[in-house]
Amino acid sequence: MTVKAVLARKGTNVTTVDPTASVAAAVKLLGEQRIGALVVTGPEQHIVGILSERDIVRALSVHGAEALDRPVSEMMTRKVVTCNERDTLHDLMERMTAGKFRHVPVVEQGKLAGIISIGDVVKSRVEEMEHDTQVLQDYIRTA
Ligand code: AMP
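If you're wondering where the values come from, they're calculated on a predicted model, not measured in any experiment.

Participant: Break down the nonpolar core for me, citing the residues and quoting the values.
Facilitator: Among the nonpolar cores identified, the biggest contains 14 residues, and Val17, Val40, Leu51, Val72 and Met75 are the most heavily contacted of them. At the level of secondary structure, the elements contributing two or more residues to this core comprise helix 2 (23-33), strand 2 (37-41), helix 3 (53-63) and helix 4 (72-75). Per-element accounting of this core gives the leading share, three residues, to helix 2. Methionine 75 has contacts with Val23, Leu51, Asp55, Ala59, His63, Ala67 and Arg70, leaving out every residue within four places of it along the chain. Counting 12 residues, the second-largest nonpolar core is a separate cluster that includes Val3, Leu7, Val104 and Ala113.

This is how it looks when you write it as structure tokens:
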């Protein structure tokens, strides 16, 4: 299955945050949206980083509650691994496993075009496997 097929179902909406926003504001967004990461964008939705709940936990462990007043730009990961709509979920699983992260923003023609989480990958893979099992069972029943 391709990234395009997953986005066709889940939509292309991505919750973003400005690098100058406070970590407290980012925490509020993560909580309200019930998500695990925010794509950090500059002008024209250009990706400048990614901030996940792990970055926030790490910052809190180092700086204590003061971390909440710091800007997102200080805590985010700057080198973001992205994908495009033609990539397969298999490609993404490899990237997530190698990089030990659970979120991959989708970029098309230099613009943010969606995000795939490990949850999306697992859901789609389970559905694919269930479909394959059903096809095999139908085949056996009618053979
Ligand atoms: P996650 O597992 O996605 O919560 O993120 C774990 C760590 O990887 C955090 O430091 C994130 O900032 C970083 N991270 C998350 N997604 C990506 C990505 N697509 N490219 C690079 N780093 C990422």
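Continuing now.
Participant: Provide a residue-level description of the site of the ligand, including the pertinent values.
Facilitator: Residues in close proximity to the ligand total 15 residues, the closest being Ser52, Asp55, Thr77, Arg102 and His103. Isolated, the ligand exposes 480 Å² of accessible area, and the fraction of that covered by the protein chains is 93%. For the shell around the ligand, the elements supplying multiple residues, two or more each, are strand 3 (47-52), helix 3 and strand 4 (103-108). Considering only residue class, the shell around the ligand consists of six nonpolar, three polar and six charged.

Participant: Would you mind going over the pairing of strand 5 (residues 111-117) in detail, with residue names and values included?
Facilitator: Among the seven residues that make up strand 5, six are buried, leaving the element largely enclosed by the rest of the structure. Across six bridges, the pairing between strand 4 and strand 5 is antiparallel. Looking at the pairing, proline 105 lines up with isoleucine 115 of strand 5. Hairpin remark: strand 4 followed by strand 5, antiparallel, with two residues in the connecting loop; positive phi at glutamine 109, about 50°.

Participant: Can you tell me about the pattern of salt bridges, naming the residues and giving the values?
Facilitator: A side chain of one charge can pair with a side chain of the opposite charge if their charged atoms are brought near each other. This model, assessed by the stated rule, comprises 11 salt bridges. With a closest N to O distance of 2.7 Å, arginine 9 and glutamate 127 form a salt bridge. A residue pair is termed long-range when its members are at least 10 positions apart, and arginine 9 in helix 1 (residues 3-10) and glutamate 127 in helix 6 (residues 118-142) qualify at 118 residues. When its relative accessible area of 45% is taken as the criterion, arginine 9 is described as partly exposed. Judged by relative accessible area, which is 31%, glutamate 127 ranks as partly exposed. A salt bridge links glutamate 53 to arginine 102; the shortest N-O distance between them is 3.5 Å. Here arginine 102 lies in the loop between helix 5 (89-99) and strand 4 and glutamate 53 lies in helix 3, a separation of 49 residues in the sequence. Glutamate 53 sits in the partly exposed class, given a relative accessible area of 35%.

Definitions and limits used
- Residues numbered from 1 in each chain as written.
- Predicted model: local features only at pLDDT ≥ 70, side-chain atom pairs only at ≥ 80, totals over all residues.
- Heavy atoms only, no water.
- Core = buried A, V, L, I, M, F, W, Y, C linked by side-chain atoms within 4.5 Å.
- Buried < 20%, exposed > 50% of the residue type's maximum accessible area, 1.4 Å probe, protein only.
- Helix = DSSP H or I, 4+ residues; strand = E, 2+ residues; numbered from the N terminus.
- Contact = heavy atoms within 4.5 Å.
- Near = heavy atom within 4 Å.
- Areas by Shrake-Rupley, 256 points an atom, 1.4 Å probe, with all protein chains shown as cover.
- Nonpolar A, V, L, I, M, F, W, Y, C, P; charged D, E, K, R; others polar.
- Pairing = 2+ DSSP bridges.
- Salt bridge = Lys/Arg side-chain N within 4 Å of Asp/Glu carboxyl O.

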